[in-house]
Protein chains: 2
Amino acid sequence: MRVLLTDGAARAFGPRLVADHPGIELVAMGEGGALRTTDGAAVDREAAGVEVAWATTDLYRQDRALVRPFFGLVRRSETLRWFQSAAAGYDAPIFAELITKGVLFTRSDVHSIPIAEYVLRAALDHVQQPGRWAAAQAERRWEGHEFCELWGSTWVIVGFGSIGTEIARRARAFGARVVGVRRRPSGTEEADKMVTTDELAQVLPHADVVVLCAPANPTTSHLADLAFFEVMQPSALLINIGRGSVVDEGALVAALDAGKLAAAVLDVFETEPLPADSPLWSHPKVTVTPHDSANSDRRVLRQFELFTDNLGRFRRGEPMRNVVTADDLS
Amino acid sequence: MRVLLTDGAARAFGPRLVADHPGIELVAMGEGGALRTTDGAAVDREAAGVEVAWATTDLYRQDRALVRPFFGLVRRSETLRWFQSAAAGYDAPIFAELITKGVLFTRSDVHSIPIAEYVLRAALDHVQQPGRWAAAQAERRWEGHEFCELWGSTWVIVGFGSIGTEIARRARAFGARVVGVRRRPSGTEEADKMVTTDELAQVLPHADVVVLCAPANPTTSHLADLAFFEVMQPSALLINIGRGSVVDEGALVAALDAGKLAAAVLDVFETEPLPADSPLWSHPKVTVTPHDSANSDRRVLRQFELFTDNLGRFRRGEPMRNVVTADDLS
């Protein structure tokens, strides 16, 4: 069984993968899209015969030079049976294409924990304002300030997959009340209350913190628009760690200027990198981070753990983790 | 039954207290230590006849003008049966004096939740370094950085009363392993492991985060000394939200300079306010906050809830919350 992966992933995890799964053959893509087996033999791209493709986050780093050859091979392959994605979202057209043509598609949930930690950190920084303490310290001033607690706050989490779940778990440990918003609530979510997307406008007015972790699709495009901000509390915080397309950035700036909500912490944007002339960069109520909320030092190891677990399940014919089906696309 | 309280507490909570507890009479201390009943009648300080004294945090604010007359009356009173403190610690000599002479003494645990939120915020800021994102934003630079997670970290919490418990609960929700340190572990603590103070040196080398929330007493004085820092990990974070006397500040500066630990977040100090010439103010590895970690907007309401609950128990002869006995002083 031939497994396609990046040269970086092969160097980091190849020996462990082969040891864990006797009989697999790794086909690593390096500079310029050239393929080689573990023993260094060149492999023809048109006859690679890969059954499994493992996309890792290094594909999306820096120059993205491997993105085109990697996905080109994946797209053209007639032998591919399973694609393990590096991403949590599955809104890229190539993913829909693979799923539609019957390739087993699994997304990644290795981002959930660091993103949840980022979100809690952002909310705590918002209510505690440690910058005020830092400013006092810089001037050797013994000057405190009263802060707010997360205890007793209400969180509305829009999108309640693995990321929303990890956020909810932590927010509830702080004594927050969590309202989850999802297309089709399952009833087993770790939330105090679940509502459907249609009921969003009824729960938003009660939120102290609104977290957007919905996938990008036609339904969620500009979900956070003027009407959305209009019903928020003036003291509320918006955090977007999902997809940039979910927020109408023009409406957000207008709503912040009008005091419809207190502040926004944004890790994702309609256009990335955020253009230099975006008003978000310098808005006093906006915190910008560069699509970085999942960028923890444990992410690389976790994606290996997910893949090696899923590869074992795939070979044994067992149910796999994080499968996305054609139903999920609609 | 006469209840002594501050004029501020009487104005904020007097009507609710009297409604909750028919038959009590409030004696409020105002400017210059003058006493008045709710209907405005002056009360002689030497014949106030109070059975209950409720100390609230406003005593310790700003000019502290009421501290001396309030505690003077409490100390001299021959009718006082119960003293509800505003503080979590009971190391002040006056408290030992009251307990020793048989006054029922209850401390306050209303600080636990905001302090726990402060501690988690401080730890998350340490591992995520949001200041780097803020610096990039100020220059419109799309520049991320890899951060560490709390997930999988080990926390050593020194002192495991109500504050340590609230910290542990939140840290564990993040997937941290919590080792509690206490003079006499009860076995029911919300920790992955409990050890006694004598075993501290065995657990410190495993800590990523060390939180000090031990009371001030001869045993804990300079507990965090050169030998303590010597066995910490060079990557570890120290957070002190307990008592300033627990840390040998000279040893801490030396240990930070020698790379024995990575950073310290200090909310309490050997001398408060922290003297202007303290090297802690400008040390690049030290965060100073002005004994402010409990300063949340919910603290005032929570101390009322504790007092009215305890007053009901006191009048009905039921076990009270947060009793400190002579045994606890030793």
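On a predicted model such as this, the values are computed, not experimentally measured, just so you know. (Residues numbered from 1 in each chain as written. Chains lettered and ligands numbered in written order. Predicted model: local features only at pLDDT ≥ 70, side-chain atom pairs only at ≥ 80, totals over all residues.)

A. Summary view of the domain arrangement of chain A. Residue and element names in this part refer to chain A. Per the domain assignment, the segments of chain A are domain 1 (2–110 + 297–329) and domain 2 (112–288). Here domain 1 and domain 2 have C-alpha centroids that lie 33 Å from each other. Tallying the contact residues gives 5 residues for domain 1 and 8 residues for domain 2. Here the residues of the side of domain 1 that touches domain 2 sort into 1 nonpolar, 1 polar and 3 charged. (Domains from an automatic or database assignment. Contact = placed C-beta atoms within 7 Å. Nonpolar A, V, L, I, M, F, W, Y, C, P; charged D, E, K, R; others polar.)

B. View of the packing of helix α4 (residues 112–128) of chain A against helix α4 (residues 112–128) of chain B. Running from N to C, α4 of chain A and α4 of chain B cross one another at 120 degrees; their axes reach a closest spacing of 9 Å. Put simply, α4 of chain A runs oblique to α4 of chain B. Remark: the crossing between α4 of chain A and α4 of chain B carries left-handed chirality. Contacts between α4 of chain A and α4 of chain B involve Glu117, Tyr118, Leu120, Arg121, Leu124, Asp125 and Gln128 of chain A on the former and, on the latter, Glu117, Tyr118, Leu120, Arg121, Leu124, Asp125 and Gln128 of chain B. Residues that form the contact of α4 of chain A with α4 of chain B fall into these classes: 6 nonpolar, 2 polar and 6 charged. (Axes fitted to C-alpha atoms, helices over the stretch in contact; angles between N-to-C directions. Helix = DSSP H or I, 4+ residues; strand = E, 2+ residues; numbered from the N terminus. Parallel < 35°, antiparallel > 145°, perpendicular 65-115°, else oblique. Left-handed = near helix turned anticlockwise from the far one by under 90°.)

C. Inspection of the interface of chain B and chain A at higher detail. Taken together, the contact between chain B and chain A spans 38 residues of the former and 38 residues of the latter. Of all the secondary structure elements, the ones that give two or more residues to the side of chain B that touches chain A are α4, α5 (130–138) and α6 (162–173) of chain B. Of the residues contributing to the side of chain B that touches chain A, the split by class is 20 nonpolar, 6 polar and 12 charged.

D. Broad picture of the packing of α4 of chain A against helix α6 (residues 162–173) of chain A. Residue and element names in this part refer to chain A. Relative orientation of the contacting elements α4 and α6 amounts to 45 degrees, with a least axis distance of 8 Å. Viewed along their axes, α4 and α6 adopt a mutual orientation that is oblique. For the crossing formed where α4 meets α6, the hand is right-handed. Two secondary-structure elements touch here, α4 through Ser112, Ile113, Ile115, Ala116, Val119 and Leu120 and α6 through Ser162, Ile163, Glu166, Ile167, Arg170 and Ala171. Counted by class, the contact of α4 with α6 contains 8 nonpolar, 2 polar and 2 charged residues.

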